[in-house]
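# Tertiary structure, described
Residues per chain, in single letters:
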Amino acid sequence: MSSRPELQAPPEIFYDDTEARKYTSSSRIAEIQTKLSERALELLALPDDGVPRLLLDIGCGSGLSGETITENGHQWIGLDISQSMLNVALEKEVEGDLLLGDMGQGLGLRPGVIDGAISISAVQWLCNADKSSHEPRLRLKAFFGSLYRCLARGARAVLQVYPENLAQRELILSYAMRAGFAGGVVVDFPHSTKSRKEYLVLTCGPPSLSTTIPNGKGEDGESCSDDESSGDEENQTVCISDRHRPRKKQKINKRGKAREWVLRKKEQMRRKGNVVPPDTKYTARKRKSRF
Amino acid sequence: MRMLTHNMLSSNIKGVTNGFPLRIEVEKVVEKQVEINHDFLRNIFPKIDWKAFFDASRVMGYAELPEEAPEPSVLESDLEFLRKFHHALLELHLEEGALVCPETGRKFPVNKGIPNMLLHEDEV
Ligand SMILES: C[S@@+](CC[C@H](N)C(=O)[O-])C[C@H]1O[C@@H](n2cnc3c(N)ncnc32)[C@H](O)[C@@H]1O
């Protein structure tokens, strides 16, 4: 049998009482999900002002991802289709509110009220037709459309996904873009089959400076294309698909030009009257890789 | 489910144009104390639909909120108001009951604090 849970049964069947308990009591899974959630929160790039925000956790499961949100001081609402997973979350007394719901039916939330959303290892489920009435494209459309509407303008959604193949990733991304999101995919550890992780980093609202894709771990800031496989082996981040930055531009911004580019952008921001950190010798320097 | 979440939720049934606010049917309310955070309250305040929040708090058995939404400046200084706002928003949980779509009357049951928002096939 396939090792992809998505191919075995619909999520509300696959994550039954036994699986929900197994999932949540595995320290290995807990560790992985926590790391993914921490990374997603980092990519969410909420203002660093200590103010707790209202976040959404889509496919919250038994609350492993939500607990990370709580540890970061934010409030959250979690949605999941599996009652068994939510029951485990209840037992763990997670601090977020839980909803039993199907993201493929769209999120029933008021417009513009949510400060940010994360989803850890869940959205790829939408690519399956689990019932005769399921049309994956319609479900992706309903999901991304409703996600876009409920987010505050300028807010981000970071969705860590396990697409089965390239086509599935493109499908998911194309529906995100159609809904109006700007952004792209950030890939951590692109050269490792085991630790490779993908995050859709989406911003709500028209593309602007603040919606450009964030720099990943151990990334230059400009080495943002698939063919640029130089650098230290696995510990590297590559954005492979960013609809709002033409490919050409990515090529032009080769090493060495990064600093100039950053300085120019900072100057632009200053002219707009934004508060921008002063230029120092550290500006646009390559960051140490972190784990 | 806290009133914070109730204030954000709306009915998602196909064809419904105004699914907010969901009417609350109470069977059981529980209170859980949580630490107050003024910054959170100030940040969320502009997003709260006050009328829905006020009505919900009444149904939940809490009568201390003003009917009219206060000026945002009140949140800067009025500790008493902040405490009440906090309590109604984050400490009252609808444990058992239902949420009712204002347009269709469809009931979304709430068990163990979790609203079941799953739609039937003909509602999608
Ligand atoms: C691998 S688990 C991840 C759970 C949690 N985010 C974590 O990090 O531990 C995937 C979750 O997605 C949920 N899920 C799958 N399809 C869904 C859908 N259409 N709507 C809501 N949740 C869904 C499953 O029920 C499951 O709990």
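In the annotation of an unreviewed UniProt entry, the entry for chain B reads Trm112p-like protein, and the organism field reads Theobroma cacao. Taken verbatim from the UniProt record of chain B, the Sequence similarities (unreviewed entry) comment is "Belongs to the TRM112 family."

UniProt lists a comment for chain A under the heading Sequence similarities (unreviewed entry), and it reads "Belongs to the class I-like SAM-binding methyltransferase superfamily. BUD23/WBSCR22 family."

## Here's the deal with the UniProt feature "domain: Methyltransferase type" (unreviewed entry) in chain A
Following the UniProt record, the feature "domain: Methyltransferase type" (unreviewed entry) maps to residues 56–157 of chain A here. Between the end C-alpha atoms of residues 56–157 of chain A the distance is 9 Å, and the span holds 31% helix and 26% strand.

## With respect to the interface of chain A and chain B
Quite often, the size of an interface is put as the accessible area lost when its parts meet. Taken together, the contact pairs 31 residues of chain A with 30 residues of chain B. In total, about 2,500 Å² of surface goes out of reach between chain A and chain B, with carbon and sulfur atoms giving 56% of it. Ionic pairing is found between A:Asp97 and B:Arg2, a salt bridge with its closest N-O pair at 3.1 Å. Of all the secondary-structure elements, those providing two or more residues to the side of chain A that touches chain B are β2 (75–80), α5 (83–91) and β3 (97–100) of chain A. Each residue belonging to the side of chain A that touches chain B can be placed in one class, and the counts come to 14 nonpolar, 10 polar and seven charged.

## A few points about the pattern of salt bridges
With the rule as written, the count across this model stands at 23 salt bridges over all chains. The salt bridge partner of B:Asp55 is B:Lys51, with a shortest N-O separation of 2.7 Å. Highlighted residues: B:Asp55 and B:Lys51, both in helix α3 (residues 50–59), separated by four residues, approximately one helical turn. The class of B:Asp55 is partly exposed, set by a relative accessible area of 33%. What makes B:Lys51 exposed here is its relative accessible area of 57%. What you see here is one network of salt bridges that share partners, running through A:Lys266, A:Glu267, A:Arg270 and A:Asp279.

Procedures and definitions
Residues numbered from 1 in each chain as written. Chains lettered and ligands numbered in written order. Predicted model: local features only at pLDDT ≥ 70, side-chain atom pairs only at ≥ 80, totals over all residues. Heavy atoms only, no water. UniProt positions renumbered as here; feature names shortened; annotations may be inferred. Helix = DSSP H or I, 4+ residues; strand = E, 2+ residues; numbered from the N terminus. Contact = heavy atoms within 4.5 Å. Buried area = accessible area lost by both parts, 1.4 Å probe. Salt bridge = Lys/Arg side-chain N within 4 Å of Asp/Glu carboxyl O. Nonpolar A, V, L, I, M, F, W, Y, C, P; charged D, E, K, R; others polar. Buried < 20%, exposed > 50% of the residue type's maximum accessible area, 1.4 Å probe, protein only.

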